[in-house]
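# Geometric and topological summary
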Amino acid sequence: QTEFYQSTSVLFTDFSNFTSISEQLDPEDLVSKLDMFFARFDEICSRHKMEKIKTIGDSHMSVGGIPVRNKTHPVDAVLSAMEMQQFMNFIHQKNEEDKIWQLRIGVNSGELTAGVVGKKKFAFDVWGDTVNTASRLQASGECSEINISASTAKAVENFFDLSYRGKKPIKHKGDVDMY
């Protein structure tokens, strides 16, 4: 069963050069670090009314405005992203070796479909262009920064200082305004 949501904000994170990091650490240490990071990201998202959808490898995905619809989701997503980056800065200050963990974040606001599909191993998930764009914004982002779309920027411009990055290419979308 799925449901359409007209207004949401999708937040994607990942770690730059994860393949290289995974080659440097033994599997137990790698998973332990990811667990520590994602446990804190889960906590941050929960506090800011963001619904954690899933982790995929080194990526963490959450959405604001679902399953309970609200109008604060763009601000909630940006606040979550800022707190995640602050947490990573704290980790870097505590241990020089952890500076290899450089977080990239992308946020996009728009419509999506959410729900559960399939017959085995049910998992709540989200689909749509809003989700794909958020993922590509994260991939196009700079380490230790938060990359947001024009739709999110318009919704949060009165609450945060934004810097226009210009139009950057996104796979299957062409040049897209980024902030």
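Here's a quick rundown of the structure. The structure presented is a predicted model; accordingly, all values stated were derived computationally and were not measured.

## Brief notes about the overall build of the chain
Assigned secondary structure in the chain consists of 5 helices and 8 strands. Listing the helices and strands of the chain from first to last along the sequence gives β-α-α-β-β-α-β-β-α-β-α-β-β. Relative to a compact globule of 179 residues, whose C-alpha radius of gyration would be 16 Å, the chain shows 16 Å and is just as compact. C-alpha extents for the chain along the principal axes are approximately 45 × 40 × 30 Å.

## Some words on the state of the cysteines
One pass over the full model with this rule turns up 0 disulfides. Cysteine Cys45 remains unbridged, with the sulfur of Cys143 as its closest cysteine sulfur at 19 Å. Taking relative accessible area as the criterion, Cys143 reaches 31% and is therefore assigned partly exposed.

## Some remarks on the packing of aromatic side chains
Per the stated rule, a full pass over the model turns up 8 aromatic pairs. Here the aromatic rings of Phe15 and Phe37 are separated by 5.2 Å at their centres, their planes lie at 40 degrees, and the arrangement is tilted. Of the two residues, Phe15 is situated in strand 1 (residues 2–15) and Phe37 in helix 2 (residues 27–47); the sequence distance between them amounts to 22 residues. Phe37 gets classed as buried once you look at its relative accessible area, which sits at 0%. Taken together, a centroid distance of 5.0 Å and an interplanar angle of 55 degrees make the contact between Tyr164 and Tyr179 tilted. With a gap of 15 residues between them, Tyr164 in the loop between helix 5 (150–156) and strand 7 (166–170) and Tyr179 in the segment after strand 8 (174–178) connect regions that are remote in the sequence. Put simply, the rings of Phe15, Phe18, Phe37, Phe38, Phe41, Phe87 and Trp101 touch in pairs and so form one group of aromatic residues.

Scoring rules and cut-offs
- Within every chain, residues take consecutive numbers counted from 1 along the sequence as written.
- It should be noted that, the model being predicted, local features are given only for residues of pLDDT at least 70 and side-chain atom pairs only at 80 or more, the latter also being counted only at that level, while totals for whole chains, interfaces and linings use all residues.
- Heavy atoms throughout the structure, all of them, feed into the side-chain values; hydrogens and water do not.
- Each helix is a run of DSSP H or I of at least 4 residues and each strand a run of E of at least 2, with the numbering of both proceeding from the N terminus.
- We take the radius of gyration over the C-alpha atoms and set the globule estimate at 2.2 Å times the residue count to the 0.38 power.
- The disulfide criterion is simple: two cysteine sulfur atoms within 2.5 Å.
- Whether a residue is buried, partly exposed or exposed follows from its accessible area with a 1.4 Å probe, protein chains only, as a fraction of its type maximum: under 20%, in between, or over 50%, in that order.
- Aromatic rings from Phe, Tyr and Trp, taking only the six-membered ring of Trp, are treated as a pair when their centres fall within 6.5 Å; an angle between ring planes under 30 degrees marks them as stacked, one over 60 as edge-to-face, and anything in between as tilted.

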